[in-house]
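# Understanding the architecture of this molecule
The lines below spell out each chain.
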Amino acid sequence: MAGPLRLLSIGAHPADVFDQCGGTLAHHVERGDQVSCAVLTHGARVHDAVISNSMYHRDVVPQGDELDELMVERADVKANEVREACAILGVTDVHFLGEDDQILLVDRESIRNVARLIRELRPHIVITHFPREGDGQTNAHAVAGQIVMHAISTAGSIDPEDSRPPHRVAQVFFFGEGAAHLRSGLAGAAGGFSMDVFVDITDVVEKKLATLDSMASQGYGGAYARKRIETSDGAMGMMGGACPYAEGFISSHPQIHRHLPVTEPMLEMSEQSDHELTYRGVYRVKVD
Ligand SMILES: [Zn+2]
């Protein structure tokens with residue numbers, strides 16, 4: 001591989017890229033790779049403490065200009081949280097695609113906007129939602145994954161309104177959390193989609209925690225963030241390879257290697273006893 005990798009992570013909502021792959025992005029930034037984040041929707045309608053939360057307890061929901069102004073104001077608050085979280089990870093390139101989060105659909109305009117971003121940034125790797133997450137139809141993450149997959153395909157050809165040449169993405173990794181089974185070996189993968197790549201994020205888990213703490217408008221900070229990291233990243237670490245915290249992904253394509261691949265942690269674990277393996281994973285983030 002000549003030179004740094006270019007990665008683009010695309011989430012449906014403002015918090016997605018952080019809770020799904022924040023640790024992995026931190027590692028790539030540390031290695032000197034070019035990391036970009038994109039947020040597809042403003043997230044104010046479904047994930048905001050003021051709009052989506054407080055409206056449940058009102059008799060009447062504001063309409064017209066009043067609601068529009070509130071939406072713009074809250075979308076700005078959420079975008080600033082994303083910028084703050086990116087700064088914690090060392091990500092300086094952030095893109096907001098500004099889709100409404102009420103009804104997210106796979107449509108031409110959304111696809112072309114993401115395709116243009118791909119032609120502009122020319123990522124080797126795209127990280128996004130699994131297109132069959134949940135019911136694969138009304139689930140906003142699934143729809144976002146479908147938009148991105150269409151966009152990857154579209155970016156591979158010319159666009160009369162985009163002077164940049166086509167670009168082909170080398171690999172797509174889908175967020176595993178919420179989308180696929182955890183597997184502990186090949187037999188555990190039977191009968192459905194499963195994560196096949198795990199990134200040990202233990203050394204940057206405090207950074208990831210800080211990004212979730214920045215998502216105050218979404219209520220993701222504090223105890224929720226710690227529970228989320230313990231139950232999801234903790235489970236993936238334990239199942240994926242006896243480490244305290246990991247992020248799991250589903251590879252889009254099988255990969256070609258020159259030799260058979262085996263990673264450093266796998267070699268290290270092959271030399272450890274049962275008890276050593278058991279205690280590899282017990283480090284926990286502090287809840288305060
Ligand atoms: Zn989301």
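Report on the accompanying structure. Keep in mind it's a predicted model, so treat the numbers as computed, not measured.

Helix and strand content of the chain: nine helices and seven strands. Taken over C-alpha atoms, the radius of gyration comes to 20 Å for the chain, in line with the 19 Å a tight globule of 288 residues would show. Looking at the chain as a whole, 48% of its 288 residues are labelled buried. Considering only contacts in the chain between residues 6 or more positions apart, those separated by 24 or more positions represent 76%. For the chain, the accessible area works out to roughly 14700 Å², and carbon and sulfur atoms hold 53% of it. Once the 25 positive and 41 negative side-chain charges of the chain are each reduced to a mean point, those two points are 5 Å apart.

The next subject is the nonpolar core. Of all hydrophobic cores here, the largest spans 33 residues; its most connected members are Phe18, Leu25, Ile127, Met215, Ile229 and Phe249. Broken down by secondary-structure element, the contributors of at least two residues to this core are helix H1 (16-30), strand S2 (34-41), helix H3 (64-89), strand S4 (125-128), strand S5 (171-175), helix H6 (205-214) and helix H7 (222-241). By residue number, the principal contributor to this core is H1, which donates five residues. Phe18 has contacts with Val82, Ala85, Cys86, Leu89, Lys208, Thr211, Leu212, Met215 and Glu247, leaving out every residue within four places of it along the chain.

For the rest of this paragraph, the subject is a nonpolar patch on the surface. A surface patch of nonpolar side chains, about 270 Å² in accessible area, is lined by Val262, Met266 and Leu267. Locating Leu267 in the fold gives a position in helix H8 (residues 264-269). We classify Leu267 as partly exposed; its relative accessible area is 40%.

As a further point, take the environment of Pro254. Within the element layout of this structure, Pro254 appears in the loop between strand S7 (246-251) and H8. Overall, the relative accessible area of 79% leaves Pro254 in the exposed class. In this structure, the C-alpha to C-alpha distance between Pro254 and Arg226, residues 28 residues apart in sequence, is 33 Å.

Residues Asp65, Glu66, Asp68, Glu69, Glu73 and Asp76 make up a contiguous surface patch of negative charge. Looking at the element boundaries, Asp76 is found in helix H3. Asp76 gets classed as partly exposed once you look at its relative accessible area, which sits at 46%.

All right, on to the packing of aromatic side chains then. Counted according to the given criterion, the structure contains five aromatic pairs. Measuring from centroid to centroid gives 5.5 Å for Phe130 and Phe174, while their planes differ by 65°, and the two rings are edge-to-face. One end of the pair, Phe130, is in the loop between S4 and helix H5 (140-155); the other, Phe174, is in strand S5, and 44 residues separate them in sequence. Phe174 shares its class with Phe130; the two are buried.

Definitions and cut-offs
Residues numbered from 1 in each chain as written. Predicted model: local features only at pLDDT ≥ 70, side-chain atom pairs only at ≥ 80, totals over all residues. Heavy atoms only, no water. Helix = DSSP H or I, 4+ residues; strand = E, 2+ residues; numbered from the N terminus. Rg over C-alpha atoms; globule rule 2.2 N^0.38 Å. Buried < 20%, exposed > 50% of the residue type's maximum accessible area, 1.4 Å probe, protein only. Contact = heavy atoms within 4.5 Å. Areas by Shrake-Rupley, 256 points an atom, 1.4 Å probe, with all protein chains shown as cover. Lys, Arg positive; Asp, Glu negative; His and termini not counted. Charge placed at Lys NZ, Arg CZ, Asp CG, Glu CD. Core = buried A, V, L, I, M, F, W, Y, C linked by side-chain atoms within 4.5 Å. Patch = residues over 30% accessible without salt bridge, like charges linked within 9 Å, V, L, I, M, F, W, Y side chains within 5 Å. Salt bridge = Lys/Arg side-chain N within 4 Å of Asp/Glu carboxyl O. Phe/Tyr/Trp six-rings, centres within 6.5 Å; stacked < 30°, edge-to-face > 60°.

Keep in mind these numbers describe shape, not what the thing actually does.
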